[in-house]
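# Survey of secondary and tertiary structure
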Amino acid sequence: MRACDVIAELRALAARTSDADGAQRVAWGPVWRDARRWLDEALARDGLRAETDVAGNNWITLAGTRPETVVIGGHLDSVPNGGWLDGALGVLAGVEALRRHKDRTPPVTLAVVDFADEEGARFGRSLLGSSGASASLVPDTVRNLVDRQGTRLADALAENGVDVDRMPEARRALDARRPRAYLELHIEQGPVLESMGRSTGAVIGTYGVERHVLRFVGQAAHSGSTPIAMRRDAFLAAAETALACRDIARRLSTPESGVVCTVGTVKVEPGIVTAVPGVCEISLDQRALEPATLQRALDDAREAASRAAAANDVRVEWRRVWQIDPYRFDPRLLALCTEAVQEVTGHAPRLPSGPLHDAVEMARVMPAVMMFAMSSNGLSHCKEEDTPEADLEATIEAFQRLVDKTVAMVAAEEPA
Ligand SMILES: [Zn+2]
């Protein structure tokens, strides 16, 4: 089975770009550049070639009889100490699709794109290259981001031949390709498919995110002399809010689509063992697939925080850090994806994606859908990231079938 070639290539890429702690293909750095060189060498053996757009994305094109294009995406960059499948699976499964269609000119054009800096690991801005390609990127918002060494994003990109101000111009080149459908194969990075005993799933859409910082302000006081009833403990109000948010997520979750919330950071002041906390700041990250559900989760969290603040005689202020709307993938492509998974694996689970992906940026430009391979123990962004080979093979085959179905769909459409 040809899927084995993809797995062998993924292992070869991992061997070349990983150390004992995992994959080290952080975007804009030397190992990432070496990963792209490795891919260039692999492509040359098949008579294929990558071209870089002004946003730093690499495009590999197989011209069809007609110029309308089915785009297949992924990313070779990784987080530091990352896994062997995140991103790279999508690129190499896409290259495999080009190889399978190469000997007979396909009816429409196929293009694989290796997006630059999907992870945002170095500068904290995810989906950088794909947001250049969709032209949603506002260069002013990223130009002066710095990494831990103090290097500016604009300078790191310039070292790689990318002018941050010109990145949104990549949209013009993308539009010129007449893009008609976007497909992305990725690992799930969570435990849902494994818990169902399934290798492969069709992705309904990606969660919307509401991310806030909540600042509770009470009164710092001596821990020995202040009776419990007379305290204005900011931490307790924050803690009660965190527990209430868990209940809200449980209450709003449905079997098809969970609601999640995370309090990921806690800061207390004055932060000493003998003082009642006068100030407590927590982060709250809430995600859901339905816009109305996400709004409801946020409204309920505000109410819960106000209640907890009142109960502890403190006040609470909210500051929004980031927000993105939920996105539902194209119904026609989702139907093709479901069919492909069903035909190859005998089952067709559908699930939403908690993490964001380049597909969300591409969905601004053309209809899009994603397919997931199960993740062992739900782990990703670590060296333990894995998928059993039999599950990978089935998923890669299902993805090839999705490509074929999508090519047939686009070929049947009226030429633009
Ligand atoms: Zn990824």
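Relevant structure appears above.
Residues numbered from 1 in each chain as written. Predicted model: local features only at pLDDT ≥ 70, side-chain atom pairs only at ≥ 80, totals over all residues. Heavy atoms only, no water.

### Quick word on the coordination of the zinc ion
Around a metal, the ideal angle is 109.5 degrees if four donors adopt a tetrahedral arrangement and 90 or 180 degrees if six donors adopt an octahedral arrangement. Coordination of the zinc ion by the protein involves His75 (NE2), Asp86 (OD) and His186 (NE2), with metal-donor separations of 2.0 to 2.2 Å. Mapping the donors of the zinc ion onto the primary sequence yields the spacing H-x10-D-x99-H. Separated by 100 residues along the polypeptide, Asp86 in the loop between strand 5 (66–74) and helix 3 (88–102) and His186 in strand 7 (residues 179–187) bring together distant segments of the chain. Taken individually, Asp86 and His186 each receive the classification buried, so the pair is uniform in this respect. (Donors = N, O, S within 2.8 Å, 3.2 Å for Na, K, Ca; no water. Helix = DSSP H or I, 4+ residues; strand = E, 2+ residues; numbered from the N terminus. Buried < 20%, exposed > 50% of the residue type's maximum accessible area, 1.4 Å probe, protein only.)

### Observations concerning a nonpolar patch on the surface
A contiguous nonpolar surface patch, about 360 Å² in accessible area, is contributed by Phe235, Leu236, Val263, Val266 and Val268. Contributing elements (two or more residues each) for the nonpolar patch: helix 8 (234–252) and strand 12 (266–269). Structurally, Val266 can be placed in strand 12. (Patch = residues over 30% accessible without salt bridge, like charges linked within 9 Å, V, L, I, M, F, W, Y side chains within 5 Å. Areas by Shrake-Rupley, 256 points an atom, 1.4 Å probe, with all protein chains shown as cover. Salt bridge = Lys/Arg side-chain N within 4 Å of Asp/Glu carboxyl O.)

### Some words on helix 3
Look at helix 3: 21 Å from first C-alpha to last across 15 residues, which is about the 21 Å you get at 1.5 Å a residue. Counted residue by residue, helix 3 has 13 buried out of 15 residues, so it is predominantly covered. (Expected span 1.5 Å × (residues − 1).)

### Focus on the side chain of Asn58
Checked against the element boundaries, Asn58 lands in strand 4 (residues 58–62). Its relative accessible area of 8% is what places Asn58 among the buried residues. Polar side-chain contacts of Asn58 include one of 2.6 Å to the side chain of Thr52. Apart from the residues lying within four places of it in its own chain, the contact partners of Asn58 are Arg36, Ala50, Glu51, Thr52, Val112, Val113 and Asp114. (Polar contact = N/O pair within 3.5 Å; in protein donor to acceptor, adjacent residues only side chain to side chain. Contact = heavy atoms within 4.5 Å.)

### Description of the pattern of salt bridges
Per the stated rule, a full pass over the model turns up 35 salt bridges. For Arg99, the salt bridge identified is with Glu96, shortest N-O distance 2.7 Å. On the criterion of helical spacing, the pair formed by Arg99 and Glu96 is a turn pair, its members being three residues apart in helix 3. Using a relative accessible area of 10% as the deciding quantity, one classes Arg99 as buried. According to the relative accessible area criterion, Glu96 is buried, its value standing at 0%. In this structure, Glu413 engages Arg332 in a salt bridge whose closest nitrogen and oxygen atoms are separated by 2.9 Å. Placement of Glu413 in the segment after helix 12 (389–412) and of Arg332 in helix 10 (residues 331–345) is noted, with a sequence separation of 81 residues between them.

### Side note on the layout of surface pockets
Size it by volume and the largest pocket reaches roughly 920 Å³. Together, 34 residues line the largest pocket, and Ser126, Leu127, Trp322, Ile324 and Leu356 are the ones closest to its centre. Among the secondary structure elements, those contributing two or more residues to the lining of the largest pocket are strand 15 (315–324) and helix 11 (358–362). Looking at the lining of the largest pocket, the element that brings in the most residues is strand 15, giving three residues. Here the lining of the largest pocket is composed, by residue class, of 14 nonpolar, eleven polar and nine charged. Within this model, the second largest pocket holds a volume of roughly 620 Å³. The wall of the second largest pocket is formed by 28 residues, among which Tyr207, Val260, Ser353, Gly354 and Pro355 lie closest to the centre. (1 Å grid on protein atoms, 1.4 Å probe; cavity = no way out; pocket = protein on both sides within 12 Å on 5 of 7 lines; lining within 4 Å. Points joined across faces, edges and corners; volume = space filled by probe spheres on them. Nonpolar A, V, L, I, M, F, W, Y, C, P; charged D, E, K, R; others polar.)

### A closer look at the packing of aromatic side chains
Using the criterion set out here, one finds three aromatic pairs in the structure. Judged by centre distance (5.7 Å) and plane angle (70 degrees), the rings of Tyr327 and Phe329 are edge-to-face. Here Arg302 stacks its cationic end above the ring of Trp318, 4.6 Å away from the centre of that ring. (Phe/Tyr/Trp six-rings, centres within 6.5 Å; stacked < 30°, edge-to-face > 60°. Lys NZ or Arg CZ within 6 Å of the ring centre and 35° of its normal.)

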